[in-house]
Amino acid sequence: MTNNRNTPIEMTKEEFRSLGYQLIDSISSFLDTIHEKPVTSELQANILGNELLPEKGKSPDEIISKASKLVLNHSLLNGHPKFMGYITSSAAPIGALADLLAAAVNPNVGASILSPIATEIEKQTISWLSEFIGLSPDYGGILVSGGNMANMTAFLAALTEKAPKDFKEKGLFQSPQKMLVYCSQATHTWVEKAAVSTGLGTQSIRWIPTLENNKMDSIILEKTILEDIRQGYRPIMVIGTAGDVSTGVVDDLNLIANICKTYDLWFHIDGAYGIPASVLPELKNRFEGRQEADSIALDPHKWLYSPLEAGCVLVKNPKHLTNTYSSHPEYYNFSEEAGNSNLNFYEFGFQNSRGFRALKVWMTIQQVGRQGYIKMIREDIELAALLFELSNNHQELEGMCHNLSISTLRYVPSGLPADLEEREAYLNTLNEKLLNALQKNGEVFLSNAVIKGKYCLRACIVNFRTSKKDIEEIIDIIVKEGRRVHEELMVGEKAQELVMNK
Ligand SMILES: *Cc1c(COP(=O)(O)O)cnc(C)c1O
């Protein structure tokens, strides 16, 4: 700010301070009153109009006040206490301040020479995340944009390790055997992107059926692997899910780990959503076997309440990342004695220049501590359980399932004709229309799941602002809106009948 070159981009110290204070004032009022606002504002098409590329610059004052009005008033508020759609959390306020600090200094966390302290902070963050989920702090890893990238980063590492030795040089065509990966039918869509982008192709994915409880059927898994080996294929990895996106179910990780050991396969866990819950002493058993995994994906921007974007991949042996992503792994020295001067994150993943996304995760972990996370994660799970219980206690609601902090339910109007086949089809239509109506009206934000052919409303609570009262109110909102949509549909059906009878 103290140069004398006249550029249209620089700010004076006074300008930056005054605009910064104004912005912080707007943001603090926004956060303070977030619970009073609609969860989403009415969808208005083309709020921005068709302004062309600005030819000349404007004053930052005008830009910041216009941008804050637009963004604060026309967004879907995932920080709202009644937001529980998809798996998107309320973001820690300290994370917003951390991002400001990170952007102000702007270290390039691709290489330690460009980011000495930021590299050290990312390294410590990775150790803490490993410890958090009950692993040794010596795991290696890297922060990435989210779960998809974390899983894909691990996927290529698995392929590099388990493919024929010259895979990096000669690619897939050199392999005399087609390589296969195994995962359950409940696995997130990233696995298809990974199969496509690595050139394996989606036909290399063996989708293993799930049991009644939505866990991967490990007996079929082992049978499929054996049969594939007999047929001359080359199985390379099994992907277990720790908290599936629809229902929050955790695969039986120990069974998968044993199968991987027997057949020398890479064991990857997609824990993007659920694995932070392993910090709860009462849930330790459910995640047993995670210590056996070669790689684990988790998303600080989900259950650790970090602002977007923050995903993380952890690997038991850090060399598996550098062997894959560094062009000169033989010169690479990962020994502790070498300190951080050798730690260049561009050698651990796809990105070259990298932002300082570790800072917000690192600062939030310190504000909250392990005990603070145990409290918040436990409460999120209790709130989801309450929603499930209240649904089952209500005449017109049916709780479908509850796992971790996900509950699914549907609206079932009283006095519905008992004709079974038609009944299910009608309930699917009704609940789909109900979800759309709820999403539009802004009182609550839920998403959906289809469970055994039944269309359900789905709440995933990764939200430290949600309270018991919100859950009780949500029940009333769903029932009120459900009755309205049902009535509308019934009138429609009657009208249709009349037309048909003419
Ligand atoms: C959310 C999620 C993903 C995708 O993560 P993004 O952060 O959205 O990229 C993958 N797998 C599971 C199990 C998830 O919950």
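Peer 1: Help me understand the pairing of strand 2 (residues 179-184) in this model?
Peer 2: The side chains of a regular strand alternate, first on one face of the sheet and then on the other. With six of six residues buried, strand 2 is to be regarded as a mostly interior element. Across four bridges, strand 2 lies against strand 3 (residues 205-208) in parallel orientation. Across the sheet, residue Val-181 finds its bridge partner in strand 3, namely Ile-205. You can see the chain leave strand 2, run along helix 7 (residues 190-197) and come back into strand 3, and the turn it takes is right-handed.

Peer 1: Explain the sheet that holds strand 11 (residues 454-460) here, please?
Peer 2: Each strand in a sheet pairs with another by means of backbone hydrogen bonds, the pair being arranged parallel or else antiparallel. Read from one edge of the open sheet, four strands run 8-9-11-10, paired in antiparallel fashion. Of all strands in the sheet, those bounded by a partner on one side alone are strand 8 (397-403) and strand 10 (447-451). The mean inter-strand angle of the sheet, taken between neighbouring strand axes irrespective of direction, is 35°. In the sheet, strand 8 pairs with strand 9 (residues 406-411) via six bridges, with the strands oriented antiparallel. Within strand 9, the position partnered with Gly-399 by the bridge is Leu-409.

Peer 1: Got a minute to help me understand the site of the ligand in this structure?
Peer 2: Surrounding the ligand, one finds 15 residues, the nearest of these being Gly-147, Asp-270, Asp-299, His-301 and Lys-302. Here a nitrogen atom of the ligand and a side-chain polar atom of Asp-270 are 2.6 Å apart. At 2.8 Å from an oxygen atom of the ligand is found a side-chain nitrogen or oxygen belonging to His-301. Mapped onto the shell around the ligand, the elements with two or more residues apiece are helix 5 (147-162) and helix 10 (300-303). Residue contributions to the shell around the ligand peak at three residues, all from helix 5.

Peer 1: Is there a simple way to explain the packing of helix 5 against helix 7 in this structure?
Peer 2: For any two helices packed against each other, one specifies the inter-axial angle together with the distance between the axes. Interaxial distance between helix 5 and helix 7 falls to 9 Å at its minimum, and their mutual angle equals 45°. Here helix 5 is positioned oblique relative to helix 7, judged by the angle of their axes. Judged by the sense of rotation from one axis to the other, the crossing of helix 5 with helix 7 is right-handed. The residues of helix 7 that touch helix 5, namely those facing Asn-148, Asn-151, Met-152 and Phe-155, are Trp-190, Val-191, Lys-193, Ala-194, Ala-195 and Ser-197.

Peer 1: Which parts of the structure should I look at to understand the pairing of strand 10?
Peer 2: Of the two faces of strand 10, only the one carrying Ser-447, Ala-449 and Ile-451 is buried; Asn-448 and Val-450 on the other face are not. When strand 10 meets strand 11, the two strands line up antiparallel, connected through five bridges. Bridged to Asn-448 within strand 11 is Leu-457.

Peer 1: For this particular structure, what's the right way to read the domain arrangement of the chain?
Peer 2: Accessible area lost during the coming together of the parts is what is often quoted as the interface size. By domain assignment, the chain separates into domain 1 (107-355) and domain 2 (370-501). A separation of 34 Å is found between the C-alpha centroids of domain 1 and domain 2. Tallying the contact residues gives 26 residues for domain 1 and 23 residues for domain 2. Counting the contacts that link domain 1 with domain 2 gives two salt bridges. Across the pair Arg-378 and Glu-282 runs a salt bridge, and its minimum N-O distance is 2.7 Å. Connecting domain 1 to domain 2 are nine residue pairs in polar contact (both at pLDDT 80 or more). Of all the secondary structure elements, the ones that give two or more residues to the side of domain 1 that touches domain 2 are helix 4 (116-132) and helix 10. Class assignment for the residues of the side of domain 1 that touches domain 2 results in 15 nonpolar, five polar and six charged.

Peer 1: What's the story with the side chain of Thr-40 in this structure? I'm lost.
Peer 2: Within the secondary structure, Thr-40 is located in the loop between helix 1 (13-32) and helix 2 (60-73). Aside from chain neighbours lying at most four places away, what touches Thr-40 is Ser-75, Leu-76, Gln-439, Lys-440 and Gly-442.

Peer 1: What exactly am I supposed to notice about the layout of surface pockets here?
Peer 2: In this model, the largest pocket occupies a volume close to 1,200 Å³. What lines the largest pocket is a set of 40 residues, and nearest its centre among them are Ile-27, Phe-30, Leu-72, Ala-96 and Leu-97. Breaking the lining of the largest pocket down by element, the ones donating at least two residues are helix 1, helix 2 and helix 3 (93-105). A breakdown of the residues in the lining of the largest pocket according to their chemical character gives 26 nonpolar, 11 polar and three charged.

The rules behind the values
Counting from 1, residues in each chain are numbered in the order their sequence is written. Confidence filtering applies because this is a predicted model: local features only for residues at pLDDT of at least 70, side-chain atom pairs given and counted only at 80 or more, and all residues used for totals across whole chains, interfaces and linings. Only hydrogens and water are removed before side-chain values are computed, so all heavy atoms of the structure are retained for them. Buried means the residue's accessible area, taken with a 1.4 Å probe over protein chains only, is under 20% of the maximum for its type, while exposed means over 50%, and partly exposed covers the values in between. A run of H or I in DSSP counts as a helix once it spans at least four residues, and a run of E counts as a strand once it spans at least two, with each numbered from the N terminus. Pairing between strands is defined by DSSP: at least two bridges between them are needed. Clockwise travel from the first strand over the helix to the second, with the strands pointing away from the viewer, marks a crossover as right-handed. For helices, the fitted line uses only the C-alpha atoms of the stretch in contact; every axis is such a line through C-alpha atoms, and the angle between N-to-C directions lies from 0 to 180 degrees. Near, as used in this document, describes a residue that has one of its heavy atoms within 4 Å of the molecule or strand being considered. Here a polar contact is taken to be a pair of N or O atoms separated by no more than 3.5 Å, where protein atoms must pair a possible hydrogen donor with a possible acceptor and residues adjacent in sequence count only if both atoms sit in side chains. Angle categories are assigned with fixed cut-offs, so that under 35 degrees is roughly parallel, over 145 is roughly antiparallel, 65 to 115 is roughly perpendicular, and the rest are oblique. Here a crossing is called left-handed whenever its near helix is offset anticlockwise from the far helix by less than a right angle, and right-handed whenever the offset is clockwise. Every residue pair with non-hydrogen atoms within 4.5 Å of one another is taken to be in contact. What fixes the domain bounds is an automatic or database domain assignment. Every case where a carboxyl oxygen of Asp or Glu lies within 4 Å of a side-chain nitrogen of Lys or Arg is listed as a salt bridge. Residue polarity follows a fixed list, in which Ala, Val, Leu, Ile, Met, Phe, Trp, Tyr, Cys and Pro are nonpolar, Asp, Glu, Lys and Arg are charged, and the others, Gly among them, are polar. Lining residues are those with an atom within 4 Å of a point, where the points come from a 1 Å grid over the protein atoms alone and group into cavities, where a 1.4 Å probe fits but cannot get out, or pockets, open sets with protein on both sides within 12 Å along at least five of seven lines. Grid points are joined across faces, edges and corners, and a volume is the space filled by probe spheres set on the points.

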